[in-house]
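Below, each chain spelled out in residue letters.
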Amino acid sequence: MRPIVRYPLAGLLILVVIFAVGGSMAIYGDTFINPWLPLLLALATGLSTSLVMWKGWRGITDSDSRTFNSICHVATVTSVLTAAFYLGNYAWADTSTLHEEKAVVVSRYSETRHKSKRVGRRTVAGEPYKVYFVEVEMADGRRKSLSASYARFRRIHTGDTLSLQVEEGALGFPVIKKNKLR
């Protein structure tokens, strides 16, 4: 494959992987599911198809290495299939199953993160900031950590009951449609 086609295609695939991973992480925050299930299904599909499809990556990577091309294939297929799983479950959730579920606040916590800052050519940890989370437990024992705004975090206490708007996802996994904690 010519470099004028190969480089933009490789860049596009890298962007697709980044957006797929980011989208998966964002939608996972509102889905009641063990995160290993879709990841392992997508990984198994990526590994099994890499046995044949690694040859198709030779034109993009400009490498004849079976290992390198297989890794590229597995990373791309796993991230895209995981994003498709979460997006399909969330976007095509059955709106007729929208109901309110009561959840008990089990714990609340904050994490300190750091903004990144450029110093010359290096990137170092900048100013600290806090993000707030509330861990809730549903009536059937499912637990989920939900992000919350600072104003909402201050008003919530351990033992409080929250009501969450939940729909049945297209693939059968419940999703939170209206998170009032943000």
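Our structure's up above, just so we're on the same page.
Reading the values: rules and limits
- Residues numbered from 1 in each chain as written.
- Predicted model: local features only at pLDDT ≥ 70, side-chain atom pairs only at ≥ 80, totals over all residues.
- Heavy atoms only, no water.
- Helix = DSSP H or I, 4+ residues; strand = E, 2+ residues; numbered from the N terminus.
- Buried < 20%, exposed > 50% of the residue type's maximum accessible area, 1.4 Å probe, protein only.
- Expected span 1.5 Å × (residues − 1).
- Arc of directions from axis to C-beta.
- Contact = heavy atoms within 4.5 Å.
- 1 Å grid on protein atoms, 1.4 Å probe; cavity = no way out; pocket = protein on both sides within 12 Å on 5 of 7 lines; lining within 4 Å.
- Points joined across faces, edges and corners; volume = space filled by probe spheres on them.
- Nonpolar A, V, L, I, M, F, W, Y, C, P; charged D, E, K, R; others polar.

Novice: Where do I start with unusual backbone geometry in this structure?
Specialist: Excluding glycine, residues mostly carry a negative phi; peptide bonds, for their part, are mostly trans. Notably, Asp 62 is not glycine yet its phi reads approximately 55 degrees, a positive angle. Mapped onto the fold, Asp 62 is located in the loop between α3 (58–61) and α4 (66–91). Assessed through its relative accessible area of 56%, Asp 62 is described here as exposed.

Novice: I'm lost on helix α2 (residues 36–53) in this one. Help?
Specialist: Within an α-helix, residues lying three or four positions from one another point in the same direction, as the helix has 3.6 residues per turn. With 18 residues, α2 should cover 26 Å at 1.5 Å per step; its first-to-last C-alpha distance of 24 Å lies within 8% of that length. Taken residue by residue, α2 has Pro 38, Ala 42, Gly 46 and Ser 50 as its buried positions. The buried residues of α2 all sit within an arc of 100 degrees when viewed along its axis, so they share a single face. Exposed and oriented more than 90 degrees from the buried face of α2 are Trp 36, Leu 40, Leu 51 and Val 52. Against α4 lie the buried residues of α2.

Novice: Hey, could you run me through the layout of surface pockets in this one?
Specialist: Counted as a void, the largest pocket has a volume near 230 Å³. Along the walls of the largest pocket sit Val 21, Ser 24, Met 25, Tyr 28, Pro 35, Trp 36, Leu 39, Thr 78, Ser 79, Thr 82 and Tyr 86, which together make up its complete lining. Counting residues per element, the ones that place at least two in the lining of the largest pocket are α1 (3–28), α2 and α4. Looking at side-chain class alone, the lining of the largest pocket contains 7 nonpolar, 4 polar and no charged residues. Secondary-structure elements contributing two or more residues to the lining of the second largest pocket are α1, α3 and α4. Considering every element that reaches the lining of the second largest pocket, the biggest residue donor is α4, with 5 residues. Here the lining of the second largest pocket is composed, by residue class, of 10 nonpolar, 2 polar and no charged.

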